[in-house]
Amino acid sequence: MDIFTHAGIFIYPLGLCSILAVFIAFERLLALRPSRVMPRALVDAFVSGQFDGVEADQNSVAGRILHFHRSRPSDPDSLKAYARLEVSRMERGVFLLEVVIGAAPLIGLLGTVTGLTQVFSGFSAETGLPAPATFIRGIALALNTTILGLAIAIPALAAHAYVLRRVEFMAARIGLGVQALLQAKQD
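Residues numbered from 1 in each chain as written. Predicted model: local features only at pLDDT ≥ 70, side-chain atom pairs only at ≥ 80, totals over all residues. Heavy atoms only, no water.

**Let's talk about the overall build of the protein chain**
What counts here: Secondary structure elements are defined from DSSP: runs of H or I of at least 4 residues count as helices, runs of E of at least 2 residues count as strands, and each element is numbered from the N terminus. Radius of gyration means the value over C-alpha atoms here, while the globule rule gives 2.2 Å times the residue count to the 0.38 power. Exposed residues in this analysis have more than 50% of their type's maximum accessible area, buried residues have under 20%, and partly exposed residues fall in between, with area computed by a 1.4 Å probe over protein chains only. Only heavy atoms enter the contact rule, under which two residues are in contact if any of them lie within 4.5 Å. Surface exposure here means Shrake-Rupley accessible area, sampled with a 1.4 Å probe, where a residue is shielded only by the protein chains that are shown. His is not counted, nor are the chain ends, whereas Lys and Arg count as positive and Asp and Glu as negative. Charge positions are represented by NZ for Lys, CZ for Arg, CG for Asp and CD for Glu.
Helix and strand counts for the protein chain come out as eight helices and zero strands. Rg of the C-alpha trace for the protein chain: 26 Å, well past the compact-globule value of 16 Å for 187 residues, more than 25% over. Here the C-alpha coordinates of the protein chain stretch approximately 90 × 30 × 20 Å along the principal axes. Within the protein chain, buried positions represent 37% of all 187 residues. Within the protein chain, counting contacts between residues at least 6 apart in sequence, those at least 24 apart form 70% of the total. Total accessible area on the protein chain stands at roughly 10900 Å², and carbon and sulfur atoms take up 67% of it. When the 16 positive and 14 negative side-chain charges of the protein chain are each reduced to one mean point, those points stand 3 Å apart.

In structure tokens form, the structure reads like this:
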């Protein structure tokens, strides 16, 4: 637990970054479940091109797109625009992971510089050496903030990459679904 106590005031912004990254990652993973994006019944309808009897629920992305399609006159451009809007909603909050990925190491670097400044400002004029307590506190601050910044940024980077891949995969499926809707309308 010394890593947290020796991180100084930098533990607060680093803690905030950590909480934010965990919250956004879990929230997006829950929001991007297949049942919330494209439930099985809609996948089957998109594959078969048969949309009669399929419920257009408002609880899933594909359901909202189907509902939009049924409630508007046939306009392919507006359907595609609405689908892009829904895909954009799936990316909600992902930019905050990018902020954490950039901010956490920079906060750690700021702690490193601050710790080294403490070390170098603690040199004694008589001996030419730093006071041992000042030296230890400065080095501890420098190393601990660097470790914490990287320990937060690396998992946030992995979560960001996974969430983006998930959104891209779901967006491709939605794109195919929109094409199936447009084909069914023409037939």
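Picking up after the structure, the text goes on.
**Overview of the pattern of salt bridges**
Counted only if it meets this: Note on definitions: salt bridges are taken to be side-chain nitrogens of Lys or Arg within 4 Å of carboxyl oxygens of Asp or Glu.
Within this structure, the stated rule accounts for five salt bridges. Residues R64 and E86 are paired through a salt bridge, measuring 3.1 Å at the closest nitrogen-oxygen approach. Taken together, the residues span a long stretch of sequence, with R64 in helix α5 (residues 61-71) and E86 in helix α6 (residues 76-90) at a distance of 22 residues. As far as burial versus exposure is concerned, R64 and E86 are alike and both buried. Each of the salt bridges in this network shares a partner with another, and the network as a whole consists of R64, E86 and R89.

**Comments concerning the nonpolar core**
Note the threshold: Among buried residues, the Ala, Val, Leu, Ile, Met, Phe, Trp, Tyr and Cys ones that are joined through side-chain atoms within 4.5 Å form a nonpolar core.
By size, the foremost hydrophobic cluster in this structure holds 29 residues, and its most contacted members are V37, M38, F46, I65, M90 and I174. Listing elements by their share of this core, those giving two or more residues are α4 (40-48), α5, α6 and α8 (132-186). Among the elements that take part in this core, α8 stands out by supplying eight residues, more than any other. If near-sequence neighbours (up to four positions away) are discounted, M90 is found in contact with R28, L32, V37, V61, V167, M170, A171 and I174. Grouped together as the second largest cluster of nonpolar side chains are 16 residues, L14, A21, I101 and A153 included.

**Describing the side chain of T145**
In this fold, T145 is placed in helix α8. By relative accessible area, T145 is classed as buried at 0%. Leaving out residues up to four positions away in the same chain, T145 has contacts with A7, F10, L14, G108, G111 and T112.

**Considering the side chain of N144**
Looking at the secondary structure, you find N144 in helix α8. Setting aside anything within four residues of it in sequence, one finds N144 in contact with D2, I3, H6 and A7.

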